[in-house]
Structure formats: C-alpha cells, structure tokens
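# A structural walkthrough
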Amino acid sequence: MYRLSFRTPLLGSAVLAASVTATAAQAQQTPAGTSVNNQASVSYEVGGTPTSVSSNVATFVVDKKVNLAVAEVGGAPTQTAINTTDQVTTFTVTNLTNSVQDFRLEADQQLVSIPLLGTDNFNMNSLRAFVDSNGNGTYDVGVDTATYIDELAPDATVTVFLVGNVPNTPGAETAIVSLNAIAATGGSGGVLGADLVASSTLVADSPTTVETVFADDSGLLNSARNGQGRAFDAYHISTAVVTLVKSATVISDPVNLLLNPHPIPGAVVEYCMHVNNAGPGIAANVTVSDNVPANSTFVPGSIAVGTAGILGACILVGTSEDDNNTGADETDLYGGSFDGTTMRATLPTVSALTSMAVSFRVTVN
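This write-up is about the structure you can find in this document. (Residues numbered from 1 in each chain as written. Predicted model: local features only at pLDDT ≥ 70, side-chain atom pairs only at ≥ 80, totals over all residues. Heavy atoms only, no water.)

## Focus: the pairing of strand β22 (residues 315-321)
Note the following rule: DSSP calls a pair of strands paired once it identifies at least 2 bridges connecting them. The helix count covers DSSP runs of H or I at least four residues long, the strand count covers runs of E at least two residues long, and both are numbered beginning at the N terminus.
Inspection of the sheet shows strand β21 (residues 303-308) paired to β22 by six bridges, in the antiparallel sense. For Thr307, the partnering residue across the bridge sits in β22 and is Val317. Connecting β21 to the antiparallel partner β22 that follows it, the hairpin turn spans six residues, and Leu311 within it adopts a positive phi of roughly 55°.

Structure, rendered in structure tokens:
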C-alpha cells in the first residue's frame, strides 16, 4: 500500500504570504523577466521502505505589467498674464510598471470644460514638456531640457513641467492643458525607446517569453489599458486690459446756441471718457482723473458716471455727481469730485468686455 505526500518548494522569486496587502504587493512587484521555478516531490513506501521522486522543474518568466500614474501638482490653475513667456504648470509621472521604462511626453491643449479649472477659450503658444533634471521641483531654463523620461525605475516618480507662452488675446481667460505620458521601451539610457505594444490577448501565454500586459485605468480623454496616463491643469489670466478713450463735443455756444455749435469763447464743451476693459479679469477701484485744460473753466455739477452710451451718447445709464466726495450723491456706486484743478471720478469695478463712461463739461474762456 502506498502513502503519498506532496511538497512544493519554490526555487525562484515568490510571494511569501497570502496575507500580503495589495498595496505592499504593488510596492514590491516581481521584476519582469524574473524566472519562477517550481519542482514538486512525492514520497512513498514500498514494502516498508520509504523513498521519494522529484518532478521536473516547471518554469515561467514574469511578464511586464504596464501601469503609470500622472498627476497635476498644486491643485489650482496657474495664474498668469497676457503676453508672458515661459509660464509653467507642474505634473508628476510615476512608473507603476514592474520594470524600468522610458516615457514619451505629449503636451496637449484641450477644448473642454473641467470643474475647478474653467472653460477653455484660448491656446497657449509653443507649449512644451520638460523633465525636472535636477529634481528641485522648479523649472530651470537651460537646465531642464529633456523632453522625455529616461530609464525610470519601478515605483519611482519624476516631475514634468509644461512650459508655454501666453498670447496677446484680449478677452481670453482660460487655457486648459494636459500632460499625456506614454510608456516606452526602457533599457537603453540616453535614447527614447519605442512606444510599448501590448501582447495580443488572443494568443496564449508563452511561459518563456516576457510579454507585455497593459494594466492602466481609464480617465478623461484616456482609454483603459492603452499604456498611457493623462492629467490636466489650466493657465488662468487674472489681469485686465483697460483702455481709456477720450472725446470732446461742443454742446452749445452763445451765438448758434444748440444748432451746430462751435468752440468759441462762451461755448460749453463736454469731455467724455470711455473706460474699456478687454478682460479677462475685473478691473477694481477704478479712478479716472482729468485736469481741466487751460483756456477753459469747469462747469460746476457737470460730472456724470455710468455705463457707456451708444450712437454718440456718452452715458447710457448713469448718475450725476457733485463736486465733492460727500453728500447724498455718494450713496450710489459711483463718485465724482473737482478740486479746482482736476476732475476725478471713481467706479468700484469695470467688468471684462464692458465699457463705463465719465463725462464733465467746461466753458471756453
């Protein structure tokens, strides 16, 4: 009668305990290409004599499990201004693959709306991706020049910068950008490897060949199991482009009265100033100042402030202001004053893509 018992010693790399957590297992992934060798034995007795026989060695190599994580750093849009250069957004790329990998980098512009980032309405100029070569987390011009990630070890993280120039586009506010990292072949330092290609799922595994399995998750504008990872950031223009346009209109003269008046002595002339904000930010605490010109006299109580008019009208809807900073007229949104030399008008804000107006009158001496 035979009594059989089996032992299964592992002759290569192996999992030591079934209770290892997923996180720990991920942090200690068996490197791709590792041979896992396994041999069993059987012990038995014949006529009371114990003996044993070993099996052949079953061998397979660990395949490559391709994964990565791309993340934006800071959690808020990059504040910038019109017509500025080398503006930086910052990302990290982590190699979650069980082998050393290169990563090709794409700096993309997106026509999308993303909560917390805004709605894209302009594109950056000359948008590029650079690797943080010295690991200081700060973009250094002329130092951080690498355009791909070279030989990134498993579980290692590197910082990547998107660098671009802001166009001179009045009214534009938000440019949404993304960093897309594509897993590429590692193993040759100083050279970007070819993009990885997943082994076919229609072909059975070869135990002696290191095959490639994509294991990355899906995300916004990114499919699952494509060997790529993407994260988003935005450039946000927070400045306001304000212009001031001034005109002078003869209102009346002592000879022609209101009929085609001319700027003769005694004529009343109205100065109109349009405050235009091309955006994208709001202009706050706006003050318009104008010195009364020589050879003219300020007309008391002639200051008016409000929304810009059309068809020749200086102000569409507004308020009249007296010549000081106190009184009932100061309870509205606007203010006006004259100190004997200079007229001043105040507006709390001028919103983007709007125009406000200020007017006052003088008499020609």
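## Some points on the sheet that holds strand β23 (residues 335-338)
For clarity, the cut-off: Angular values range over 0 to 180 degrees, each being the angle between N-to-C directions of two axes fitted as lines to C-alpha atoms, with helices fitted over their stretch in contact.
Taken in spatial order, the three strands make up an open sheet running β19-β24-β23, and their pairing is antiparallel. A single partner strand is all that each edge strand has here, and the edge strands are β19 (283-291) and β23. Each strand of the sheet is rotated relative to its neighbour by a mean of 15°, with strand direction disregarded. For β23 and strand β24 (residues 342-350), the ladder comprises four bridges, and the chain directions are antiparallel. Its bridge partner being in β24, Gly335 is matched across the sheet by Thr346.

## Topic: the sheet that holds strand β5 (residues 68-72)
Strand order across the open sheet formed by four strands is β5-β7-β13-β11, with antiparallel pairing between neighbours. Each edge of the sheet is formed by a strand with only one pairing partner; in this case those strands are β5 and β11 (125-131). Across the sheet, the mean angle from the axis of one strand to that of its neighbour is 20°, orientation sign disregarded. Bridging between β5 and strand β7 (residues 87-95) involves five bridges; their strand directions are antiparallel. For Glu72, the partnering residue across the bridge sits in β7 and is Phe91.

## What to know about the layout of surface pockets
Quick note on the threshold: Here the term cavity refers to a set of points on a 1 Å grid, laid over the protein atoms alone, in which a 1.4 Å probe fits but cannot get out; the term pocket refers to an open set having protein on both sides within 12 Å along at least five of seven lines, with lining residues being those that place an atom within 4 Å of a point. Grid points are joined across faces, edges and corners, and a volume is the space filled by probe spheres set on the points. Classification convention: Asp, Glu, Lys, Arg as charged; Ala, Val, Leu, Ile, Met, Phe, Trp, Tyr, Cys, Pro as nonpolar; all other residues, Gly among them, as polar.
Each pocket or cavity is described by its volume, and for the second largest pocket that value is around 180 Å³. Looking at the lining of the second largest pocket, the elements with two or more residues in it are β5 and β16 (228-237). Residues of the lining of the second largest pocket, tallied by class, amount to five nonpolar, six polar and three charged.

## Focus: the environment of Asn165
Which entries qualify depends on this criterion: The criterion used for residue contact is that any of the two residues' heavy atoms lie within 4.5 Å. A 3.5 Å cut-off defines polar contacts: any pair of N or O atoms within that distance qualifies, except that in protein one atom must be a possible hydrogen donor and the other a possible acceptor, and neighbouring residues in sequence count only when both atoms are side-chain atoms.
Mapping Asn165 onto the fold places it in strand β13 (residues 157-165). Put simply, Asn165 and Ser351 are 186 residues apart on the chain and 25 Å apart in space, counted from C-alpha to C-alpha. Not counting residues within four places of it along the chain, the set of residues in contact with Asn165 comprises Thr84, Thr85, Asp86, Met124, Asn125, Ser126 and Arg128. A polar contact is formed between the side chain of Asn165 and the backbone nitrogen of Asp86, at a distance of 2.9 Å.

## A few points about the packing of aromatic side chains
To be explicit about the condition: Pairing of aromatic side chains here covers Phe, Tyr and the six-membered ring of Trp, requires ring centres within 6.5 Å, and sorts the geometry by plane angle: under 30 degrees stacked, over 60 edge-to-face, intermediate tilted. Only protein chains enter the accessibility calculation, which uses a 1.4 Å probe. A residue is then buried if its area is under 20% of the maximum for its type, exposed if over 50%, and partly exposed in between.
Evaluation of the coordinates by the stated rule reveals five aromatic pairs. Aromatic pair Tyr271 and Phe360: ring centres 5.5 Å apart, planes at 35°, arrangement tilted. On the criterion of sequence distance, the pair formed by Tyr271 in strand β18 (residues 268-280) and Phe360 in strand β25 (residues 354-364) is long-range, its members being 89 residues apart. For Phe360, a relative accessible area of 0% translates into the label buried. For the ring pair Phe298 and Phe360, a centre distance of 6.1 Å and an interplane angle of 35° mean the geometry is tilted. Of the two residues, Phe298 sits in strand β20 (residues 296-298) while Phe360 sits in strand β25, which places them 62 residues apart along the sequence. The same class applies to Phe298 and to Phe360, which are both buried. An aromatic cluster is built from Tyr271, Phe298, Phe338 and Phe360, whose rings are joined through pairwise contacts.

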